[in-house]
Each structure stands twice: as structure tokens, then as C-alpha cells.
Amino acid sequence: MSIRSTRPILPGYYPDPSICRVEGTFWLVNSSFEYLPGVPVHRSTDLVHWEQVGHAYTRPTALPLPGGDAGSQGTFAPTIRHHDGTFYVIVTNMGQDPLGQRIVRTTDPAAGWSDPVEVPDTPGIDPDLCWDEEGICHLSWRGVSFETGTAVSTLRSVPIDPDTGERLGEVVDLWQGTGMRDAEGPHLYRRRGWWYLLLAEGGTGVGHCVTMARARELTGPWEQHPGNPILTHRSTDHPVQATGHADLVPLDDAGWDGGRFAMVHLGIRQLEPFPGYHVNGRETFLVGVDWEGDWPVVVEDRYAEAIAARDAASTQAFTDELRGRPGPVANGDAPWDLPDRWVSPGGLARTALTRNAAGALAITAPDDDAAPRPLLATRCRDVGWRAEAELTVEPGAVVELCVYLDPDHRAAARWDGRRVVGVATSAPFEQVLGELAAEDLEAPQGRTLRLWVSAQLPESGFFGQRVPDELVLGVSMAGRDAELGRLDGRYLSTEVAGGFTGRVVGVRAIRGTATVGRFDYQPL
């Protein structure tokens, strides 16, 4: 009996996956929304073990983010493709005015990406690139029009030059889906004389699904897949829900004319209690695909055993000594010199991070009390985990080890110069969960302080869990842990906060400067 497919290939907040294969190596990108560096890039040779090799956007001028740390703005639904020796990533920068599509390119995704070019007059989201037999590149996207005063969405395509962004022809309307809400995430493929169009429908919640149609010409007529939707878990007890926003990839050198394929898609792992809560965002999953005649058929459990074996042999644990060469972490528009796992909402940490003469990493809050506070963070990638930060806090400084979902939903262990406080924010409310005064600590201001947070699953009762998880906030003193307080994990869930991201954890500067020595993340 095969193992049920319940494990992501990229756990944590990695939504809207897109994939391509070049000479036996697979390349994968995801949405990153308001976080910079943006659009993480991973590679693999077996679809199961993945290594991050950078981001498609590392410089603020290449990706102007709207509204500082505004939640769920920024990059929407990238697509990665390879053509004639060049990789292309196209993405929407939501909040940019005018709204449109932007393309970066490279010959080596691990070596950096070009400045972006923009495609004019393509308002909408979820862009895709596909080349036909004549070498013409077709941009497809979910177009949005506000001409009538309300947003009207239409799936569209136009030929372009991907190196310049120039439009080369007229826009055509594509298949508009099966009639479910939010037909989006289009991916076009050219196979054996047919255009295949893969869509996400049903909304990005628990009604999410994958549908497909084909046509001889982009103008139609379009013929629906007889098994639509070809992937969905809606109205089932499957532990992975909201399955959708998929992308296909051929597995051998026969390419799109071959018969061996796989598909990546997003999904959520909801925890009890009813109606279910997901906290780490939409994650990337993998399924197999067989072609039966001229239609693809999803084989959900094809990679389940390999992914389970991977997870049994390795974890997401890491310890970063955040000490390095002296000098700025990000000089002007240059990329910063931190490991790829580290990101910042709105990129605000770029101007807040420096290194002292010894190379130690320091984070400084802005002087303007009304400005957003900079956060240096990494994704939460497990159901249960613990993170600890070793901090040296200057006199008068206020710093947090913060679990963060968006600017209005977070929990933190905070040193405020007089005490360590467990504090939780779920807008418009903020609550102190517990505290320890400086005289009770062995490490007052100006000396090393170790703050920690963890996400813990509660014991199940007769009716299951009362909360999805508990966030525990604390401080370490003299080799022992002191707990400051606990928070019901629902307050930092997407179902409460909304938005498209997931939890991250990291160091947040409230006032003054703190030096970050070591950061440790361990699954529980």
C-alpha cells in the first residue's frame, strides 16, 4: 500500500509554485509578496530534495514594494521558464501603479538576475510565458479591468518580446474556466499541436482546484478536460486542503511531447479545532502525472514515500552565527550578505542592519516613532518548532524575538530596557502575557540576552484539539528556560488575519540598537 501524500516538498510559506526543467535540473520559484529579497529560487535533481540558490529580486530598485511592510502586497504568482539558453521569471508587483507584469532573466539562476523589463498595458495578476513552434513568446495572465467601476477579470494572452517587454500583437481572450469563482493562475503549454491551458479555480481557500482545457488555436474553441477538476481536495477529509495553483513539468528529454510528467501545486495543512486553521501559509506540494491519450491524469501519491523518507532523514533545523565581515549588510542597492533564508517585510531591515568592527550583526530601529519597525526573519517550516536568539542590547534599546504573520498579528518576547515581556498583538488589541523584571535576570541591558519562542501542539482531547497550536514566549537565564506566557495560535492564523503569507520568526527592532549573535531554529 502506498503512503498517502501529505508532506510538502517546500514546507512553510512558499505559495504559487512554478517549475521548469533544464538538462536534468529542476528550478522552482514562489510568490513572496511583501518580503525582500523576493521570489525565492530553488533547484533539485530529483524533485524531492531542494536547495535554495537565491532570489530573483534582491535589490529594492528592481522591486519597489508598496506601503512599507504592507501585508500581502508585492510579488504575486511568478512563472519560471527556460528558452534558448535563458531563464525568465515573470511576476506581478501588486500595489505598483500602473499594475503590470515585469520580467527578469539570467543564464544561471544561482548567479543573479537582470534588471526587470515591464510589459505595458497588461493590468492584472498571475502572469505566464509560453513559446510556440515559431519561437514566439506568449504572455498570459488574469486581466483586471475597472472600466465599469468594479473589477472584471478575464484570462488573456498577447505575444511579446520577453527581453524588452514589447507587445508584438493583439490581446486574445482565452478559456474562462468551468464557471467557478476566481479563474486565475493560467499556464499555457504547447504539446503535439495543441494549446493546453491549466487554471486555478474556486478561490485560493478550501474550494481551490486545478482545471484544464485545450484548443488548436488560442482563440478557441476550447475543449474541457473530461475529468475536471483534475486535482482538488475540497469536501474531503484529506489533511492537505486548498490544493490548486499548479504547474506542469516534463521529466525527461522528450520534453512536452513525452509522457512522463509531474505537477507542483500549493496546499494548506489545517489544524483543529473546527473549522480548521493554517498558520505557516500555503506550501508547495508535488504529485505525479500520467498522460492517458491526449489528457493528463494526476497520480497523487507517486512521490509520497520518497518525501516521507527525506523527512525522516533530515530536518529544517539550523543555527546561524550572524557574524561576518565588517561593513554594511546591504550597501545601497547591492544584495545583502545574509543566508538566503533571511528576509524582511518591505525590505525594511536593509537600512536597519549594519556590522560593527568585529563583524557582528546589529539591527537599529528608525528614529521616527511612526515608521514601521524593521524585522529580520525566517520562515516557520514545521508544525512544532522552537527558535532562540542571542542578543546584546544597548542601553535604552527595545528589541523583540517576534513570531510575525503581518503588521497587525504577531507575538513576541520583548526586552524593553527594564524587563522581558511576553506580548501579543491581534489588531486592534495588544496584551501583555507575562513579564520578568531586570533584577530577576542575569543579563540586564548592555549584556547578552537569550530570548526564545516556540510553537507547540496541545494534547488532543475527546473532541480533538482546542487550539491549532500554542505560541510559548520565554527567556533563558543561567541555563534554564523561564516562560513568559502562552497564546492561542488561532490569533496568528490566516483564518483570523487574512492575507496570503504565513508565519515567520525573527528579530524586530523597536527602539535603539541590538546586536544579533546567534539564531537557532529547531523542529519539535
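First, a word on what this report is: a plain description of the structure on this page.

### A closer look at the nonpolar core
Phase 1: Formed by 51 residues in total, the largest nonpolar core has its most connected members in Leu-338, Leu-353, Trp-385, Val-475, Val-505 and Phe-519.
Phase 2: With five residues, the top contributor of residues to this core is strand 27 (residues 385-393).
Phase 3: Every residue in contact with Trp-385, bar those within four places of it in the chain, is listed here: Cys-380, Val-403, Val-453, Ser-454, Ala-455, Leu-471, Val-505, Tyr-521, Gln-522, Pro-523 and Leu-524.
Phase 4: If you look at the next biggest cluster of nonpolar residues, it comprises 18 residues, including Cys-20, Ala-56, Tyr-57 and Phe-87.

### A short note on the pattern of salt bridges
Phase 1: By the definition in use, this model includes 36 salt bridges.
Phase 2: Here Arg-59 makes a salt bridge to Asp-115, at a shortest N to O gap of 2.7 Å. Here the residue Arg-59 occupies a position in the loop between strand 5 (51-57) and strand 6 (74-83), and Asp-115 occupies one in the loop between strand 8 (101-106) and strand 9 (117-119), the gap between them amounting to 56 residues.
Phase 3: Of the charged contacts, one joins Arg-102 and Glu-118 as a salt bridge, the two residues approaching to 3.1 Å between their closest N and O atoms. Taken together, the positions of Arg-102 in strand 8 and Glu-118 in strand 9 put the pair 16 residues apart, joining distant regions of the chain.
Phase 4: Exposure remark for Arg-102: the relative accessible area of 3% places this residue in the buried category.
Phase 5: Overlapping salt bridges bring together Arg-142, Arg-181, Asp-182 and Glu-184 as one network.

### What about the sheet that holds strand 5?
Phase 1: What the four strands build is an open sheet, ordered 1-2-4-5; its pairing is antiparallel. Each having just a single partner strand, strand 1 (18-22) and strand 5 make up the two edges of the open sheet. If you compare each strand with its neighbour and ignore which way they point, the axes differ by 25° on average.
Phase 2: Direction of pairing for strand 4 (residues 38-44) relative to strand 5: antiparallel, over a ladder of five bridges. By the bridge assignment for strand 5, Gly-38 is matched with Tyr-57.

### What to know about the layout of surface pockets
Phase 1: For the largest pocket, the calculated volume is near 780 Å³.
Phase 2: Residue lining of the largest pocket: 32 residues in total, with Pro-11, Arg-310, Thr-315, Gln-316 and Arg-381 positioned closest to the centre.
Phase 3: Broken down by secondary-structure element, the contributors of at least two residues to the lining of the largest pocket are strand 5, helix 1 (304-313), strand 26 (375-379) and strand 36 (513-523).
Phase 4: Each residue belonging to the lining of the largest pocket can be placed in one class, and the counts come to 14 nonpolar, eight polar and 10 charged.
Phase 5: Taken as a whole, the second largest pocket spans an internal volume of roughly 650 Å³.
Phase 6: Considering the residues around the second largest pocket, the lining is formed by 28 residues, among which His-82, His-83, Pro-250, Gly-255 and Trp-256 are closest to the centre.
Phase 7: Residue assignment for the lining of the second largest pocket shows that the elements contributing at least two residues are strand 1, strand 6, strand 10 (124-131), strand 14 (184-191) and strand 18 (240-250).

### So, the side chain of Thr-79
Phase 1: Its location among the elements puts Thr-79 in strand 6.
Phase 2: A polar contact of 2.7 Å, which involves the side chain of Thr-79, links it to the backbone oxygen of Pro-127.
Phase 3: Not counting the four nearest positions on each side in its chain, Thr-79 is found in contact with Ser-18, Val-29, Tyr-88, Val-89, Ile-90, Pro-127, Asp-128, Leu-129 and His-187.

### Looking at the state of the cysteines
Phase 1: In the structure shown here, the tally under the stated rule is zero disulfides.
Phase 2: For the unlinked cysteine Cys-130, the closest cysteine sulfur is that of Cys-137, found at 8.0 Å.
Phase 3: Accessibility expressed as a relative area gives 6% for Cys-130, which makes it buried.

### With respect to the packing of aromatic side chains
Phase 1: Evaluated as defined, the whole model comprises 16 aromatic pairs.
Phase 2: Judged by centre distance (5.4 Å) and plane angle (45°), the rings of Tyr-88 and Trp-131 are tilted. A residue pair is termed long-range when its members are at least 10 positions apart, and Tyr-88 in strand 7 (residues 86-94) and Trp-131 in strand 10 qualify at 43 residues. Judged on exposure class, the residue Tyr-88 and its partner Trp-131 are both buried.
Phase 3: Among the aromatic residues, ring-to-ring pairing joins Tyr-189, Tyr-196, Trp-256, Phe-261, Trp-291 and Trp-295 into one connected group.
Phase 4: Of note, Arg-379 hangs over the ring of Tyr-14, and the distance from its end group to the ring centre comes to 4.4 Å.

Here is what the cut-offs are and how they apply
Residues numbered from 1 in each chain as written. Predicted model: local features only at pLDDT ≥ 70, side-chain atom pairs only at ≥ 80, totals over all residues. Heavy atoms only, no water. Core = buried A, V, L, I, M, F, W, Y, C linked by side-chain atoms within 4.5 Å. Buried < 20%, exposed > 50% of the residue type's maximum accessible area, 1.4 Å probe, protein only. Helix = DSSP H or I, 4+ residues; strand = E, 2+ residues; numbered from the N terminus. Contact = heavy atoms within 4.5 Å. Salt bridge = Lys/Arg side-chain N within 4 Å of Asp/Glu carboxyl O. Pairing = 2+ DSSP bridges. Axes fitted to C-alpha atoms, helices over the stretch in contact; angles between N-to-C directions. 1 Å grid on protein atoms, 1.4 Å probe; cavity = no way out; pocket = protein on both sides within 12 Å on 5 of 7 lines; lining within 4 Å. Points joined across faces, edges and corners; volume = space filled by probe spheres on them. Nonpolar A, V, L, I, M, F, W, Y, C, P; charged D, E, K, R; others polar. Polar contact = N/O pair within 3.5 Å; in protein donor to acceptor, adjacent residues only side chain to side chain. Disulfide = S-S within 2.5 Å. Phe/Tyr/Trp six-rings, centres within 6.5 Å; stacked < 30°, edge-to-face > 60°. Lys NZ or Arg CZ within 6 Å of the ring centre and 35° of its normal.

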